[in-house]
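What the coordinates show
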Amino acid sequence: MCMEIGCGSGYVITSLALILGPERGGVNYIATDINPNAVKVTHETLDAHGVDAELILTDIASGLENRLAGLVDVMVVNPPYVPTPEDEVGAEGIISSWAGGENGRRVIDRVLPVADHLLSEKGWLYMVTLTANNPSEICLQMKKKGYASKIIIQRSTEEESLHIIKFWRDSDTTVDEVTDQSLIGFLGSLLSQIPLFSLWRGSTSNDNC
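Residues numbered from 1 in each chain as written. Predicted model: local features only at pLDDT ≥ 70, side-chain atom pairs only at ≥ 80, totals over all residues. Heavy atoms only, no water.

- Taking an unreviewed UniProt entry as the reference, the protein is identified by name as Methyltransferase small domain-containing protein belonging to Arachis hypogaea.
- Within the UniProt record for the protein, the comment given under Sequence similarities (unreviewed entry) is "Belongs to the eukaryotic/archaeal PrmC-related family."
- A UniProt comment under Subcellular location (unreviewed entry) is attached to the protein, and it reads "Nucleus". (UniProt positions renumbered as here; feature names shortened; annotations may be inferred.)

Written as structure tokens, this is what we have:
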């Protein structure tokens, strides 16, 4: 099972299905978003590419805790990570797609325990973070829950850096190389399309962890 939390335009879940579909039969795809417009647009994106996925309008994974517990094999999260005033988190309009509150961690810190609950024993979590989010501290939080972690992709300017961190349960040492490399290649492409913090700020006013 592949899951995206915060599906936005549907680009990620659609691309995952297109990349993994030919290689892995019987894969189920599920995506959530708290914004009904995002769910609508994601549905249109999926339809345009002939891809099936279950779309759920919910906050992170609220209501899915029992149904999906221990079943998600790949989870991708591009959370609102930009440091902003706390009152902008969850605000109406497009600002909620990037507003992360103090240190940009308000949503990230809510996602981590959800991921721990939903991931399978061999599950992988891929999360986009900003340097200001303190990725090392995020990795430490997950280490306490039994996860190993690694920054697999990094994109930097003189001002800021974006990272994609991969988390997996430390006891799981087996790696599906084909799937892993496909995902890393795709996520690298994804990262190149995400505006850096400096751009957000202007418009609005392979290391171990």
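**Overview of the packing of aromatic side chains**
- Applying the stated criterion across every chain, the model contains 1 aromatic pair.
- Between the NZ or CZ atom of K166 and the centre of the ring of W124, over which it lies, the distance is 4.0 Å. (Phe/Tyr/Trp six-rings, centres within 6.5 Å; stacked < 30°, edge-to-face > 60°. Lys NZ or Arg CZ within 6 Å of the ring centre and 35° of its normal.)

**Structural notes on the environment of Y126**
- Secondary-structure assignment places Y126 in strand β5 (residues 119-130).
- Relative accessible area serves as the criterion here: at 1%, Y126 is assigned to the buried category.
- In the structure, Y126 is positioned 48 residues away from N78 in sequence and 8.5 Å away in space, judged by C-alpha atoms. (Helix = DSSP H or I, 4+ residues; strand = E, 2+ residues; numbered from the N terminus. Buried < 20%, exposed > 50% of the residue type's maximum accessible area, 1.4 Å probe, protein only.)

**Comments concerning the sheet that holds strand β4 (residues 72-77)**
- Read across the open sheet, the 7 strands follow the order β3-β2-β1-β4-β5-β7-β6; overall the sheet is mixed. Unpaired on one side and paired on the other, β3 (54-57) and β6 (147-156) mark the two borders of the sheet. Strand-to-strand twist across the sheet, computed as the mean angle between neighbouring axes with direction ignored, equals 15°.
- Relative to strand β7 (residues 161-169), β6 runs antiparallel, the two sharing 9 bridges. The residue of β7 that forms the bridge with Y147 is R169.
- Docked against the sheet, helix α2 (residues 36-48) engages β2 (29-33) and β3, running at close to 170° with respect to β3.
- With respect to the sheet, helix α4 (residues 106-118) is in contact with β1 (2-5), β4, β5, β6 and β7, its orientation differing from that of β5 by roughly 165°. (Pairing = 2+ DSSP bridges. Axes fitted to C-alpha atoms, helices over the stretch in contact; angles between N-to-C directions. Contact = heavy atoms within 4.5 Å.)

**A closer look at the pattern of salt bridges**
- A complete count under the given rule lists 6 salt bridges for this structure.
- Residues R105 and D109 are paired through a salt bridge, measuring 2.9 Å at the closest nitrogen-oxygen approach. (Salt bridge = Lys/Arg side-chain N within 4 Å of Asp/Glu carboxyl O.)

**Things to note about unusual backbone geometry**
- Positioned with a positive phi, I60 is a non-glycine residue whose angle comes to about 60°.
- Relative to the elements of secondary structure, I60 occurs in the loop between β3 and α3 (65-68).

**So, the packing of α4 against helix α5 (residues 135-144)**
- Axis separation between α4 and α5 bottoms out at 11 Å; the angle between their running directions is 20°. Between α4 and α5, the angle falls in the class roughly parallel. α4 and α5 meet at a crossing whose hand is right-handed. Taken together, the residues of α5 that come into contact with α4 (itself represented by I108, D109 and L112) are I138, Q141 and M142. (Parallel < 35°, antiparallel > 145°, perpendicular 65-115°, else oblique. Left-handed = near helix turned anticlockwise from the far one by under 90°.)

**Considering α5**
- Among all positions of α5, only P135, I138, C139 and M142 are buried. Taken around the axis of α5, the buried residues stretch over an arc of 100°, which confines them to a single face. Of the exposed residues in α5, those oriented more than 90 degrees away from the buried face are K143 and K144.
- Contact partners of the buried residues in α5: α4, β5, β6 and β7.
- Positive phi shows up at G146, right after α5, with a value of about 100°. (Arc of directions from axis to C-beta.)

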